[in-house]
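# Coordinate inspection notes
Okay, here's what each chain looks like letter by letter:
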Amino acid sequence: MSVSIHNWTKQFGRIYGYFEGHTPILVVSDSKIINEIFTKKNFSKFHSRRQFPLEDRRTETGVHLFSATGDEWRRQRAIFNPTFSLTKIKNMLPTIEDCTATLLNKLQESMQTSPQGFDIYKLYKCLTMDLIWRCCFNMKTDMQNNLNNPYLIRSQQVFARQNSTYLATLLSIFIPEQQSTWLAMHCWLNNIKAKLRHLLPIGKNLIEEDPSEWLKNNVDDFIDKAKTSHNENSIKSNDLLRLMLDATKTNFTDINQQSHHDRVLSINEIKQNIYLFMTAGYETASTTLAYITHVLATHPAEQRKLQNHIDSYLNNDDILDLNIIEKMEYLDQFIKETLRMYPITPIVINRECSEQINIPRLGLICPGTKITVDMYSLHYDNELWGPVDTKIFYPERFASKPSHPAEWIPFGIGPRKCVGMKFALTEIKIIIIRLLQKYTVLPMSMNDTDLELVELVTITPKQVSVKLEKRTNI
Ligand code: HEM
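Residues numbered from 1 in each chain as written. Predicted model: local features only at pLDDT ≥ 70, side-chain atom pairs only at ≥ 80, totals over all residues. Heavy atoms only, no water.

## Quick word on the sheet that holds strand S8 (residues 439-443)
Across the sheet, which stays open at both edges, the three strands sit in the order S3-S11-S8 with antiparallel pairing between neighbours. Of all strands in the sheet, those bounded by a partner on one side alone are strand S3 (118-119) and S8. Pairing between S8 and strand S11 (residues 465-470): five bridges, direction antiparallel. Considered in S11, the bridge of Leu442 is made with Lys467. (Pairing = 2+ DSSP bridges. Helix = DSSP H or I, 4+ residues; strand = E, 2+ residues; numbered from the N terminus.)

See below:
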């Protein structure tokens, strides 16, 4: 979809519209207009994202942060913002280091079993899921050593296209007026499938279950485990799950009666948010790591420069300190340049207008209008990012150009920007530092210059196969 939008922008310019079924979508790739729509200034009129096909936004089932709108979103975001403060992230560093050490062991094993090369992306997925569980839910898992962990398997399935969901999704896109019917049909089918899986002896093997439903249904067990582990630990943890559980203690009867100043969550909202963080946090970060590794393998000069840069700040056995990581400018530029060239979730950066507004150079926007950004056109715009051609990987372009909030947007823009951005960038930096202190990344074959990409909610490579060579010159 994102590539088609990019091609249409080349044909129709920086502002145009297209129809998804009956739904008109406005596409913008002019950074000044994007700034008007997405930032704080007009936030009261653009506080919501458009509803995903088959997304259930009923209060009784609970709505998570990503789908919440207006005051419901403000109330939830106020609870989540402190989870990713610098102090909290500083406290997460030992855990991130520990999970990264496990990755390094897994890499060593993979080098031994497949010296000709292996898919490193698979290992990154286990790593980032491990990190979410440990940093956000304070639960120790053996996820990196247990590829059969059911939460890991189901989370991966959420991002894979399933045939049964596909039809309902298409109906939902092309006939959005009947969204509630498609959603009811989808839930009804899932219930029937769950019953058949339970009743028929071979049901479990023959009937696929909806991974999103499985994850949401299993969080009760998850919350109980978290409560027990929190009670057993004398030191009170400060993780995301604890903040959410604390927010349920307030005495309230109806979540709709809460003002956005009240830091409260219903139990259904907690369940939805556990699902959200489990899936959103792991897929995006592992995919970023996969793209960075591909760039390292295909750009040996830039890889050497990054290794020298890391060596100039740190020895192999130095304990990582956030202040030092923050000073490592080339590392920062390297990651930014990768995310400029390989956007991960362009389609989620959209807003729906809630009140009529006149936007300069765009015109009168009516309530209900859905506006999306063409991230590829913005990120590959030579006027914004030149003089070095935007098709060339050149991290130094970020040295001369402070990134404007509406021009480099892999994490979105404005008040609804990614709440996990600081956490994601810190974990990614630590993992890349430790990887490059020990290894040089090589392509599996000299023809491995292009990645095969697939887009559903995220744009991901099918695999990233590389060889690793132990560094000896340090
Ligand atoms: C490199 C990694 C990541 C990328 C590229 C990414 C990208 C994004 C983007 C594009 C958005 C939409 C922003 C907008 O509409 O303006 C978003 C929202 C969000 N992200 Fe991330 N994300 C990443 C990592 C994470 C992590 C690690 C977490 C959680 C631990 C997370 C949790 C969320 C949540 C909860 C939202 C919804 C925020 C809201 O609506 O208030 N993300 N992310």
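## Notes on the nonpolar core
In this structure, Leu107, Trp133, Phe137, Phe222 and Ile274 are the most contacted members of the largest nonpolar core, which totals 99 residues. Discounting residues that sit within four places of it in the chain, Ile274 has contacts with Phe137, Val219, Phe222, Ile223, Leu241 and Met244. Residues Val28, Ile37, Ile359 and Ile365 belong to the second largest nonpolar core, which totals 21 residues. (Core = buried A, V, L, I, M, F, W, Y, C linked by side-chain atoms within 4.5 Å. Buried < 20%, exposed > 50% of the residue type's maximum accessible area, 1.4 Å probe, protein only. Contact = heavy atoms within 4.5 Å.)

## Section: the site of the ligand
Near the ligand there are 28 residues, and of these Arg49, Trp73, Arg77, Arg351 and Cys418 occur at the shortest range. With respect to the ligand, the side chain of Arg49 contributes an N or O atom lying 2.9 Å from an oxygen atom. One of the side-chain nitrogen or oxygen atoms of Arg351 is found 2.8 Å away from an oxygen atom of the ligand. Sorting the residues of the shell around the ligand by element identifies helix H3 (70-80), helix H13 (267-298) and helix H20 (421-438) as the ones contributing at least two each. The residue inventory of the shell around the ligand, partitioned by class, reads 17 nonpolar, six polar and five charged. (Near = heavy atom within 4 Å. Polar contact = N/O pair within 3.5 Å; in protein donor to acceptor, adjacent residues only side chain to side chain. Nonpolar A, V, L, I, M, F, W, Y, C, P; charged D, E, K, R; others polar.)

## What to know about the UniProt feature "binding site: heme" (unreviewed entry) in the protein chain
UniProt records the feature "binding site: heme" (unreviewed entry) at Cys418, using the numbering of this structure. Relative to the assigned elements, Cys418 resides in the loop between helix H19 (397-400) and H20. Under the relative-accessibility criterion, Cys418 is labelled partly exposed at 35%. (UniProt positions renumbered as here; feature names shortened; annotations may be inferred.)

## Things to note about unusual backbone geometry
Here the residue pair Gly386 and Pro387 is connected by a cis peptide bond, since its omega of 5° sits within 30 degrees of zero. Within the secondary structure, Pro387 is located in the loop between helix H18 (382-385) and H19. The phi angle at Arg361 is positive, at roughly 70°, despite the residue not being glycine.

## What about the environment of Gly13?
Here Gly13 shows up in the loop between helix H1 (2-12) and strand S1 (15-20). The class for Gly13 is partly exposed, based on a relative accessible area of 25%. For Gly13 and Val27, which are 14 residues apart along the polypeptide, the C-alpha to C-alpha distance reads 9.5 Å.

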